[in-house]
Amino acid sequence: MRKELPIALSNRHVHLSKEHIEKLFGEGYELTKMKDLSQPGQFAAEEKIDVVGPKGTLKGVRVLGPARGATQVEISLTDGFKLGVVPPVRNSGDLAGSPGAKLVGPKGEVELKEGIIAAARHIHMHTDDAEDFGVKDKDIVKVRVGGERGLVFENVLVRVSPKYALEMHVDVDEGNAAGVKNGDMVELIK
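A quick note: this is a predicted structure, and the numbers were derived from the prediction, not measured.

Novice: Which parts of the structure should I look at to understand the overall build of the protein chain?
Specialist: When helices and strands are tallied, the protein chain shows four helices and 15 strands. Against the 2.2 N^0.38 benchmark of 16 Å for 190 residues, the protein chain shows a C-alpha radius of gyration of 17 Å, consistent with a compact globule. Here the C-alpha coordinates of the protein chain stretch approximately 50 × 35 × 30 Å along the principal axes. For the protein chain, with 190 residues in total, the buried portion stands at 46%.

Novice: Is there a simple way to explain the nonpolar core in this structure?
Specialist: Within the largest apolar cluster, 22 residues are counted, with the highest numbers of intra-cluster contacts made by Leu16, Ile49, Val51, Val63, Val73 and Leu103. For this core, the elements supplying multiple residues, two or more each, are β2 (13-17), α1 (18-25), β4 (43-52), β5 (57-68), β8 (101-104) and β9 (109-112). The leading source of residues in this core is β4, at four residues. Residue contacts for Val51: discarding those within four places in its chain leaves Gly56, Thr57, Leu58, Val61, Val73, Leu83, Ala101, Lys102 and Leu103.

Novice: Teacher, can you tell me more about the environment of Lys35 here?
Specialist: Examined against the element boundaries, Lys35 turns out to sit in strand β3 (residues 33-36). Placed 29 residues apart in sequence, Lys35 and Pro6 show a C-alpha to C-alpha distance of 19 Å. The contacts of Lys35, once residues within four sequence positions are left out, are Phe43 and Ala44.

Novice: Even after reading the chapter, I still don't get the sheet that holds strand β1 (residues 4-10), so can you show me in this structure?
Specialist: Strands pair in a sheet through their backbones, by hydrogen bonds, and they do so in one of two ways: parallel or antiparallel. Strands sit in the order β1-β14-β11-β13-β12-β15 around a closed barrel of six strands; the barrel is mixed. Going across the sheet, the axis of each strand differs from the next one's by a mean of 40°, ignoring polarity. Summarising the sheet, strand β11 (residues 122-125) and strand β14 (residues 167-171) pair through three bridges and their orientation is antiparallel. Looking at the pairing, His124 lines up with Glu167 of β14.

Rules of the game
Residues numbered from 1 in each chain as written. Predicted model: local features only at pLDDT ≥ 70, side-chain atom pairs only at ≥ 80, totals over all residues. Heavy atoms only, no water. Helix = DSSP H or I, 4+ residues; strand = E, 2+ residues; numbered from the N terminus. Rg over C-alpha atoms; globule rule 2.2 N^0.38 Å. Buried < 20%, exposed > 50% of the residue type's maximum accessible area, 1.4 Å probe, protein only. Core = buried A, V, L, I, M, F, W, Y, C linked by side-chain atoms within 4.5 Å. Contact = heavy atoms within 4.5 Å. Pairing = 2+ DSSP bridges. Axes fitted to C-alpha atoms, helices over the stretch in contact; angles between N-to-C directions.

Here it is as structure tokens:
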């Protein structure tokens, strides 16, 4: 049974709905792919926006594509201090009751009522990987990180789909605390 998998740090970013892309960048606007991300079909766009909170602004937040059904801003807890909001730790798409902020693009602004979260740590797995690791979709596992700042991440959600590529995602705060960098190998323990 496999135990090792790669980890990646996710910096602050925003997923925009089609409607919000047009409000921020102009009618009929399409995102410009800068580079593909590890998950098939996902990409970092050339576009960036500013996120304005009650206390401060995060300038130049990268937009990820393609467009989503709902706008979602993913930041670290540290970013939350700068903005003046407390982002709840949530799974992607679980936005109800989360704080909002003003999004500012080159052609307009959006007053986001909710949608700011700190993404819960999770593992993307292809269905074949899940079989190899002996886990299934929505399992909660632990992951051991070795090295000088080694630790065990608990409460790691496993997300399984034939559309996913194997990779664990943590935010920058978590990655720095564990002393990991993109591509480091970590160990799944149940």
